[in-house]
Amino acid sequence: DGGITQSPKYLFRKEGQNVTLSCEQNLNHDAMYWYRQDPGQGLRLIYYSQIVNDFQKGDIAEGYSVSREKKESFPLTVTSAQKNPTAFYLCASSIDIQGAETEAFFGQGTRLTVV
Amino acid sequence: GESVGLHLPTLSVQEGDNSIINCAYSNSASDYFIWYKQESGKGPQFIIDIRSNMDKRQGQRVTVLLNKTVKHLSLQIAATQPGDSAVYFCAENIAGSYIPTFGRGTSLIVHP
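Note that this is a predicted model, so its numbers are computed, not measured. (Residues numbered from 1 in each chain as written. Chains lettered and ligands numbered in written order. Predicted model: local features only at pLDDT ≥ 70, side-chain atom pairs only at ≥ 80, totals over all residues. Heavy atoms only, no water.)

(A) Highlighting the overall build of chain A. Scanning chain A for helices and strands turns up zero helices and eleven strands. Its helices and strands taken in sequence order, chain A reads β-β-β-β-β-β-β-β-β-β-β from the N to the C terminus. Relative to its length of 115 residues, chain A is compact, with a C-alpha radius of gyration of 13 Å against a globular reference of 13 Å. Counting every position in chain A, which comprises 115 residues, the buried fraction comes to 50%. Intrachain contacts of chain A at a sequence separation of at least 6 include 53% that bridge at least 24 residues. About 5,700 Å² of surface is accessible on chain A, with carbon and sulfur atoms providing 48% of the total. Taken together, the 11 basic and 13 acidic charged side chains of chain A have centroids lying 10 Å from each other. (Helix = DSSP H or I, 4+ residues; strand = E, 2+ residues; numbered from the N terminus. Rg over C-alpha atoms; globule rule 2.2 N^0.38 Å. Buried < 20%, exposed > 50% of the residue type's maximum accessible area, 1.4 Å probe, protein only. Contact = heavy atoms within 4.5 Å. Areas by Shrake-Rupley, 256 points an atom, 1.4 Å probe, with all protein chains shown as cover. Lys, Arg positive; Asp, Glu negative; His and termini not counted. Charge placed at Lys NZ, Arg CZ, Asp CG, Glu CD.)

Here you go:
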């Protein structure tokens, strides 16, 4: 079945360590996104990518990095520079026809806890 | 900056009642709106969408209303069921952008 897969579901990290969250989609979508969700809050955009080898900062990119070497994959690295990394991270994808009105499909999320 | 917001952070209803979740948006350039449902510990799921050239759209037990004059969006759920308990987000796409902007969300609690 087509879909978007995030792994792992739960992740624990020690302070000062980098950690990479995986996101893979087999929907043949061009656009991919990473959002951060804190308890009781909405989704805030970290990074997004429209095409392979290109990505743009969202509203809260500091302390994060991404790569888009393949259309199917958009991993997110939470670096030690991120001051408050404990959160629920959501990856999404959508068909990107510039300006097209299409919904985003979400993965099931990764809950990152810094210990 | 401009953003999507919600009037009611929590809505409690009895099973079988109709639910109405509201959303205010401030960007007049937004032309596409989506409602998502997020169950605890899961990613958001698409419920229904509406384009700015429409003022109403119906799905199965759900209806979305768009009032561009006052920049207001609502989601109506008929005969609410316990399985409808979740957080509901509205999202907007600004014309020319494929990136959805999300509001804070409303928690819907359905009592049996």
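After that view, the rundown keeps rolling.
(B) Layout of the interface of chain B and chain A. The interface of chain B with chain A comprises 21 residues on the first partner and 27 residues on the second. For the pair chain B and chain A, the summed buried area comes to about 1,900 Å², and 53% of that belongs to carbon and sulfur atoms. Sorting the residues of chain B by area buried against chain A places Y98, I99 and F102 of chain B first, and these three jointly supply 33% of that buried surface. Joining chain B to chain A, the criterion identifies zero salt bridges. Summed over the shared surface of chain B and chain A, the result is four residue pairs in polar contact (both at pLDDT 80 or more). Elements with a contribution of two residues or more to the side of chain B that touches chain A: strand 4 (30–38), strand 5 (45–51), strand 9 (86–94) and strand 10 (100–102) of chain B. For the side of chain B that touches chain A, the element with the most residues is strand 4 of chain B, which contributes five residues. When the residues that make up the side of chain B that touches chain A are grouped by side-chain class, the tally is ten nonpolar, seven polar and four charged. (Buried area = accessible area lost by both parts, 1.4 Å probe. Salt bridge = Lys/Arg side-chain N within 4 Å of Asp/Glu carboxyl O. Polar contact = N/O pair within 3.5 Å; in protein donor to acceptor, adjacent residues only side chain to side chain. Nonpolar A, V, L, I, M, F, W, Y, C, P; charged D, E, K, R; others polar.)

(C) Just the confidence of the model for chain A, in detail. Overall, the prediction assigns chain A a mean pLDDT of 91, with 93% of residues at 70 or greater. Here strand 5 (residues 43–51) of chain A is the element of chain A with the lowest mean pLDDT, 93, and strand 7 (residues 64–66) of chain A is the one with the highest, 98. (pLDDT = per-residue confidence, 0-100.)

(D) Spotlight on the environment of Y48 of chain A. Within the secondary structure, Y48 of chain A sits in strand 5. Spatially, the C-alpha atoms of Y48 of chain A and A92 of chain A are 9.2 Å apart, while their sequence positions differ by 44 residues. Among all residues touching Y48 of chain A, those that are not within four sequence positions of it are M32, Y33, F55, Q56, K57 and F74 of chain A together with Y98 and I99 of chain B.

(E) Structural context of the side chain of N27 of chain B. Counting through the fold element by element, N27 of chain B comes out in the loop between strand 3 (19–25) and strand 4. Of the polar contacts made by the side chain of N27 of chain B, one reaches the backbone nitrogen of A29 of chain B; its length is 2.9 Å.

(F) Inspection of the packing of aromatic side chains at higher detail. Taken as a whole and assessed by the stated rule, the structure comprises ten aromatic pairs over all chains. When the centroid spacing of 5.3 Å and the interplanar angle of 85° are considered together, the rings of Y35 of chain A and F102 of chain B count as edge-to-face. Highlighted residues: Y35 of chain A in strand 4 (residues 31–37) and F102 of chain B in strand 10, drawn from two different chains. Aromatic side chains F106 of chain A and F102 of chain B sit 5.8 Å apart centroid to centroid with 75° between the ring planes, which places their arrangement in the edge-to-face category. (Phe/Tyr/Trp six-rings, centres within 6.5 Å; stacked < 30°, edge-to-face > 60°.)

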